[in-house]
Amino acid sequence: MKTVYKRPKLLKEAHFHYCPGCGHGIVNRLLMEVIEEMDLQESAICVAPAGCGMLLYNYFEIDVLESAHGRGAAVATGIKRARPQSLVFSYQGDGDLAAIGTAEGFHAANRGENISVIFVNNGVYGMTGGQMAPTTLLDQVTTTTPEGRDPVLAGHPVRICEVFSKLDGATYLERVAVNKPAAVKKTKKAIAKAFQRQLDGLGFSLVEILAPCPTNWKMGSIESCQWIDEVMCKEFPLGVVKEVRGGDRPRAEAPGGAATGKGASCS
Amino acid sequence: MKRLMSGNAALGEAAVLSGCTCYFGYPITPQNELTEYMARRMATSGGVFIQSESEIAAINMVLGASVTGARAMTSSSSPGISLKQEGISYLAADELPAVIVNMARGGPGMGNISPAQSDYFQATRGGGHGDYKTIVLAPGSVQELTEIVPLAFDLADKYRNPVIILGDGMLGQMMEPVDFDNLQRPPDYEKDYTLTGAKERPARKIHSLIFDTKLQEEHNWKLFRKFRLMEQNEVRYETYLTDDAEMIVIAYGFGARIAKGAIKRLRQENLKVGMIRPVTLWPFPAKALRDMAKTVNDFFVFEMSTGQMVEDVKLSLEGRGHVHFYGRPGGVVPMPIELSRIIARHYIQAQAGGRRRKR
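What comes next concerns the included structure.

Thresholds applied
Residues numbered from 1 in each chain as written. Chains lettered and ligands numbered in written order. Predicted model: local features only at pLDDT ≥ 70, side-chain atom pairs only at ≥ 80, totals over all residues. Heavy atoms only, no water. Helix = DSSP H or I, 4+ residues; strand = E, 2+ residues; numbered from the N terminus. Rg over C-alpha atoms; globule rule 2.2 N^0.38 Å. Buried < 20%, exposed > 50% of the residue type's maximum accessible area, 1.4 Å probe, protein only. Contact = heavy atoms within 4.5 Å. Phe/Tyr/Trp six-rings, centres within 6.5 Å; stacked < 30°, edge-to-face > 60°. Pairing = 2+ DSSP bridges. Axes fitted to C-alpha atoms, helices over the stretch in contact; angles between N-to-C directions. 1 Å grid on protein atoms, 1.4 Å probe; cavity = no way out; pocket = protein on both sides within 12 Å on 5 of 7 lines; lining within 4 Å. Points joined across faces, edges and corners; volume = space filled by probe spheres on them. Domains from an automatic or database assignment. Buried area = accessible area lost by both parts, 1.4 Å probe. Salt bridge = Lys/Arg side-chain N within 4 Å of Asp/Glu carboxyl O. Polar contact = N/O pair within 3.5 Å; in protein donor to acceptor, adjacent residues only side chain to side chain. Nonpolar A, V, L, I, M, F, W, Y, C, P; charged D, E, K, R; others polar.

### Considering the overall build of chain B
Counting secondary structure elements, chain B contains 12 helices and 15 strands. Since a compact globule built from 359 residues should have a radius of gyration of about 21 Å, the 21 Å found for chain B is in line with a globular shape. By residue count, 60% of the 359 residues in chain B fall in the buried class. Partitioning the intrachain contacts of chain B with sequence separation of at least 6 by distance along the chain shows that 80% fall at a separation of at least 24.

Here it is as structure tokens:
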């Protein structure tokens, strides 16, 4: 009988602390699947965020360093420059990357750091109780936009992929989602591609993942998944936002250089 | 062989010779010569240099490099050091070694770019949030700076804790003859905590989030015990003409050099003034001061601030002596003759009041 699904060995036998219907659990599992299938567990180093994803070191059977809120891309830069042979990625939420840590992410992208950023966008600050995030949609109700997000008072949703796409150092930016099986498969491919590009020394890659947060959206799990398709994707269109072979210099001279790894493709 | 170098450049060279392979920094006066030196030097030594987008990014790059086992350093001046405090707190919590240089300037706020000693509290009280300390080394000359740097890297590795080198704009920017002939690269420590990929060992995690308050408390006490070891083993200070002294000047860093000039003048006038110069501002040489108070009644603190170390002097003496203070904040650097006149007035008043050496 053909095995169609099994728990990745790199995902620890632990219960996720995530709320029912949350997207983080899927992203966590996908990351471990990809690292296992690409045989990268011996070189992978993950930088964990502050926010709902911060406890992922309890689930990952790979080396993990917790970063201060927003500093993931800077910490990953330090690790990668000191250890170019490692696969280095940061895991960051929308508040983390699109608000408090925008400078660190933006400049890591601009330098073409040979790292990958896994950016989970669920449009709210989850762990702190559902406040407005930089990616909260207009008119979306949160605990700090009780009448809905008003652009005059609170600005507009931040589209990180589109902003970073203007930077020559960013070479692969894709927006995906984890709200239905086909989307989850695409997300896995995007993560694998980002990691492969890092192994090939192609520079900064970022995968933005639209993820449901039923608890703070005050919706059911299925309704949340539908809302991503029907509403969230209008503001944050899915697809490859940028993919180029390299920036403005030969990638062999890229920061961190080409990483070593077996680099089996994962598709 | 002696070379004429600025303190900033000499510090950079000493860092490379001490095994520093990763430097991250952001421009700020008066420490730019160090960042510029590292940009050139790391290119030739094969090390890592990044001009970061901010002080915050720089200290977090240090954290990332440190976790791989590399000797990592960043530098800045007062306002930039404030920005680094977040990262220094995380380094202390994660028990990761790093060397952070502060070539201090006048403050608060933007202040100016002249030498000052007003970051003493920030440096010696941890500086960021939470219960922690950093070793603070305060060299007084460019040559001493080159001796302090390998020590700083060694102490950072030995205790797995950030170490601060606290200088000032004068020390960083003045040029003095310096040699590196006796600089010994500190030994490499067995590092069983580094993140290098889970190869032939279980996966590791390094984090300072400890939800369980009992575990957080134990972590705090564990750090505390480490800090107490530092207090027992790492106090460093210099004494100058203390044997017959009626009055002891306490000054550090460049301030101590000014004080030494003042004391030389006072000795010519037969005023028996000596000096204790703390080299480690934390841990502070409290016992040395208390011991001195067995024979001396008068302690004169000179700082280029409105008075910060003077509090540690009072805490150390626990009422055992009279504490005098003279401060010049805001980037003003007094001449030795000015300081000698102030000290002389305090000295003569103390003697007139009948205070003498106790034995």
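What follows continues from the structure just given.
### Some thoughts on the packing of aromatic side chains
Residue and element names in this part refer to chain B. Here the structure, examined in full by the defined rule, presents 12 aromatic pairs over all chains. A centroid spacing of 5.9 Å and a plane angle of 10 degrees characterise the contact between tyrosine 23 and phenylalanine 49, whose relative ring orientation is stacked. Placement of tyrosine 23 in strand β2 (residues 20-25) and of phenylalanine 49 in strand β3 (residues 48-51) is noted, with a sequence separation of 26 residues between them. Looking at phenylalanine 49, the relative accessible area reads 22%, which means it is partly exposed.

### So, the sheet that holds strand β13 (residues 280-282) of chain B
Residue and element names in this part refer to chain B. Across the sheet, 7 strands lie side by side as β3-β2-β4-β5-β7-β6-β13; this open sheet has mixed pairing. Edge strands, defined here as strands with exactly one partner in the open sheet, are β3 and β13. Averaged over all pairs of adjacent strands, the angle between strand axes in this sheet comes to 20 degrees, irrespective of strand direction. Relative to β3, β2 runs parallel, the two being bridged by 4 bridges. Within the sheet, the bridge partner assigned to glycine 25 lies in β3 and is glutamine 51. Most of the contacts of helix α2 (residues 32-45) go to β2, to which it runs at about 135 degrees, and overall it touches β2, β3, β4 (71-76) and β5 (98-104). Of the strands in this sheet, β2, β3, β4 and β5 touch helix α3 (residues 55-67), which is tilted by about 170 degrees from β4.

### Describing the layout of surface pockets
All names here are of chain B. There is about 350 Å³ of room inside the largest pocket. When contributions to the lining of the largest pocket are tallied by element, the ones reaching two or more residues are α10 (286-292) and α11 (309-317). Examining the composition of the lining of the largest pocket, we find that 4 residues originate from one element, α10, more than from any other. Residues from two domains meet in the lining of the largest pocket; each of domain 1 (3-188 + 206-233) and domain 2 (238-352) gives at least three.

### Quick word on the interface of chain B and chain A
Taken together, the contact pairs 36 residues of chain B with 33 residues of chain A. Taking both partners together, chain B and chain A bury about 2,600 Å²; carbon and sulfur atoms supply 61% of that area. Three residues, Glu53, Lys205 and Leu209 of chain B, lead the burial of chain B against chain A; their summed loss comes to 19% of the area buried on that side. In this structure, the connection of chain B to chain A is made through 3 salt bridges. For glutamate 53 of chain B, the salt bridge is made with arginine 111 of chain A, and the minimal N-O distance between the two is 2.9 Å. Linking chain B to chain A there are 15 residue pairs in polar contact (both at pLDDT 80 or more). Elements with a minimum of two residues in the side of chain B that touches chain A: β2, β3, α3, α4 (78-94) and β9 (205-206) of chain B. Broken down by element, the residue count for the side of chain B that touches chain A peaks at 8 residues, all from α3 of chain B. Partitioning the side of chain B that touches chain A into residue classes produces 20 nonpolar, 9 polar and 7 charged. Taken together, the 2 bridges between strand β2 (residues 63-66) of chain A and β9 of chain B define a ladder with parallel strand orientation. By the bridge assignment for β9 of chain B, valine 64 of chain A is matched with lysine 205 of chain B.

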